[in-house]
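Structure assessment
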Amino acid sequence: AMRDEREVETTRGRIFFTKTDVFEELLSGEEPLSVRRSGVEQSNTSVILGERLVLKLYRRLQPGTNPELEIGRFLTEVARFENTPPLAGATEYLGESGEPTTLAILQGFVPNQGDGWSYVLDRLSLYLEDRLISPWIPDEPVGVEAPEEAEEDEAVAFFLGLVRTLGIRTGELHKAFATPTDDPAFAAEPVSSEEFRGWVSSVRDEVEHTIDLLGRRRDGLDEELRAEVDQLLERRDEVLSRLAAVENMEIRAVKTRYHGDYHLGQVLVSNNDFQIIDFEGEPARPLEERRKKHSPLRDVAGMLRSFNYAAYAAFRSLSMERLDDREIMEQWAQTWEKRTREAFLEGYTGGIAGCPSCPENPEHMAALIELFTLEKAFYEVRYELDNRPDWLDIPVRGILGLLDGSGPEKERLA
């Protein structure tokens, strides 16, 4: 039906099938395709066809333009971005409302070693276990330089190289989103000073709301966590002063489309490289909000927060079995996060170079990343308060670390 771009009349509308210009290339040949359901747990249903295609069927149907579908078309047919599965076709329903509802999309299948989250946790667990038998102990995890033998560790060097590649691909994705086009849904737009101040004001509102919420709920938290929450509550003015400093900057950049829900679970490790997937945006947000243009550095902040979560997830898992080693293991996890963050930012700076959506001034770039990292971390605080109180310490510590200067380093962005 996609190949023939058919339309099927229904009682209250019609179902129509479309294809992209890579459809025939991806579906060459007439032999029957094997069919198997993906074993990955997700909010949609994915069916793998002949190890060449993936049919993704949406279980939560929403009228309106689907961000994943339109971004897939843009990256496949306009930007020609190679590090995301190409879009082959789609199935949509047009009903009485006049708005299309995406039922399914067909994409190229990418052989892979799993998503970035699982891959990183596996490597990080091995890293921490190896470091427990290392003769070197990091006295100061932030800013510490590993000894020569650790620097030359082959497994660590390979991993950091892979993370650097992830940074490059992320930058290249953001360059692809800035591809010149007449399509108003994707054309880059300048960010006015007034709009930029609006971004900062929105983050300020979220910060104040979150800190007020923490203050009301602190008595219900365990004692150890209350101590860290109290530190954050006491530094409210410091957070707000940082936002005020950013607000006064004259940052020159354009806004574009971006991933919108970027973290380690949204990339596939494939042949020592990465494929970036799932461009739906945050599923809980309305479609129109997910389609809005903004600074792509929001994606960078999302990935940096994902590294922080990975560090503490691995630390927690191992430390439950090695209680005597908790302190040194946490220091190693922090050292790992610092080096991983640096490698990613180094790669990203190279990948995004010359793109108008990223400020040329490295201080401005670092300030924006800090702004969006605070935005993301305070969102995580609210999420964990409502859903996983046991994980609340991760974003709280992340914010405190950012305030203490262990966030995105400006020299890495120079």
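Reading guide: rules and limits
- Residues numbered from 1 in each chain as written.
- Predicted model: local features only at pLDDT ≥ 70, side-chain atom pairs only at ≥ 80, totals over all residues.
- Heavy atoms only, no water.
- Helix = DSSP H or I, 4+ residues; strand = E, 2+ residues; numbered from the N terminus.
- Buried < 20%, exposed > 50% of the residue type's maximum accessible area, 1.4 Å probe, protein only.
- Contact = heavy atoms within 4.5 Å.
- Areas by Shrake-Rupley, 256 points an atom, 1.4 Å probe, with all protein chains shown as cover.
- Salt bridge = Lys/Arg side-chain N within 4 Å of Asp/Glu carboxyl O.
- Pairing = 2+ DSSP bridges.
- Phe/Tyr/Trp six-rings, centres within 6.5 Å; stacked < 30°, edge-to-face > 60°.
- Expected span 1.5 Å × (residues − 1).
- Polar contact = N/O pair within 3.5 Å; in protein donor to acceptor, adjacent residues only side chain to side chain.
- Axes fitted to C-alpha atoms, helices over the stretch in contact; angles between N-to-C directions.
- Arc of directions from axis to C-beta.

Details of the overall build of the chain
In terms of helices and strands, the chain carries 13 helices and 11 strands. Considered along the principal axes of its C-alpha atoms, the chain spans approximately 65 × 50 × 45 Å. By residue count, 53% of the 414 residues in the chain fall in the buried class. Counting contacts in the chain only where the partners sit at least 6 residues apart, residues at least 24 apart contribute 74% of the total. Total accessible area computed for the chain in this model is approximately 19700 Å², and 47% of it derives from carbon and sulfur atoms.

Side note on unusual backbone geometry
The phi angle at Glu51 is positive, at roughly 55°, despite the residue not being glycine. If you trace the backbone, Glu51 turns up in the loop between strand S4 (45–49) and strand S5 (53–57). Backbone geometry at Asp278 places phi at a positive 55°, although glycine is not the residue there. With respect to the helices, strands and loops of the structure, Asp278 is situated in the loop between strand S11 (274–276) and helix H9 (287–290). Residue classification places Asp278 among the partly exposed positions, given a relative accessible area of 22%.

Quick word on the pattern of salt bridges
Pairs may arise between side chains of opposite charge once their charged atoms sit close together. Counted by the stated rule, this structure contains 38 salt bridges. With a closest N to O distance of 2.6 Å, Lys255 and Glu195 form a salt bridge. On the criterion of sequence distance, the pair formed by Lys255 in strand S9 (residues 254–255) and Glu195 in helix H6 (residues 193–217) is long-range, its members being 60 residues apart. You can call Lys255 buried: its relative accessible area is 13%. Overall, the relative accessible area of 24% leaves Glu195 in the partly exposed class. Of the charged contacts, one joins Lys338 and Glu342 as a salt bridge, the two residues approaching to 2.6 Å between their closest N and O atoms. One end of the pair, Lys338, and the other, Glu342, are both in helix H11 (residues 326–352), 4 residues apart, so they sit about a helical turn from each other. As far as burial versus exposure is concerned, Lys338 and Glu342 are alike and both buried. Put simply, Lys56, Glu68, Asp278 and Glu280 are held in one network by salt bridges that share partners.

A short note on the pairing of strand S2 (residues 14–19)
With 3 bridges connecting them, strand S1 (residues 7–9) and S2 associate as antiparallel partners. Opposite Val8, over in S2, you have Ile15 as the bridge partner. Linking S1 back to S2 in an antiparallel pair, the connection comprises 4 residues. Judged from the 6 bridges that link them, S2 and strand S6 (residues 87–94) form a sheet pairing that is antiparallel. Bridging from a neighbouring strand, Arg14 pairs with Leu94 of S6.

Section: the packing of aromatic side chains
Under the criterion given, the structure shown has 10 aromatic pairs. Aromatic pair Phe196 and Trp199: ring centres 6.2 Å apart, planes at 70°, arrangement edge-to-face. Of the two residues, Phe196 and Trp199 both sit in helix H6, 3 residues apart, roughly one turn of that helix. Both residues of the pair, Phe196 and Trp199, belong to the buried class. Summarising the aromatic geometry, the rings of Tyr312 and Phe315 are spaced 6.0 Å apart at their centres and angled 90° between planes, so their arrangement reads as edge-to-face.

Let's talk about helix H2 (residues 67–78)
Compared with an ideal rise of 1.5 Å per residue, which puts 12 residues at 16 Å, H2 spans 15 Å between its outermost C-alpha atoms and is within 8% of the ideal. Of all 12 residues making up H2, 9 are buried, and the element is well covered by its neighbours. When we look at burial in H2, the residues that qualify are Pro67, Glu68, Leu69, Glu70, Ile71, Gly72, Phe74, Leu75 and Thr76. Each element contacted by the buried residues of H2 is listed here: S5, S6, strand S7 (100–108), helix H5 (154–177) and H9. The N-capping residue of H2, defined by a side-chain oxygen 2.7 Å from the backbone nitrogen of Glu68, is Asn66. Backbone geometry just downstream of H2 places Arg80 in the positive-phi region, at approximately 55°.

Some remarks on the sheet that holds S2
As summarised here, the arrangement of the 7 strands in space is S1-S2-S6-S7-S5-S4-S3, forming an open sheet in which the pairing is antiparallel. In this open sheet, the two strands that pair with only one neighbour each are S1 and strand S3 (35–37). Across this sheet, the average inter-strand angle for adjacent strands is 20°, counted without regard to direction. Pairing geometry for S6 and S7, over 7 bridges, is antiparallel.

A short note on the side chain of His259
Along the chain, His259 turns up in the loop between S9 and strand S10 (267–269). On the basis of relative accessible area, His259 is assigned to the buried category, the value being 2%. A distance of 2.8 Å separates a polar side-chain atom of His259 from the backbone oxygen of Ile277. In contact with His259, other than residues within four places in its own chain, are Phe177, Gln266, Ile276, Ile277, Asp278, Phe279, Gly281 and Asp299.

Section: helix H8 (residues 236–247)
With 12 residues, H8 ought to run about 16 Å at 1.5 Å a step, and its terminal C-alpha atoms sit 17 Å apart, in line with that. Those residues of H8 that sit buried are Val239, Leu240, Leu243, Val246 and Glu247. Projected down its long axis, H8 shows its buried positions confined to an angular sector of 115°, all on one face. Next to the buried residues of H8 lie H6, helix H12 (362–387) and helix H13 (393–403).

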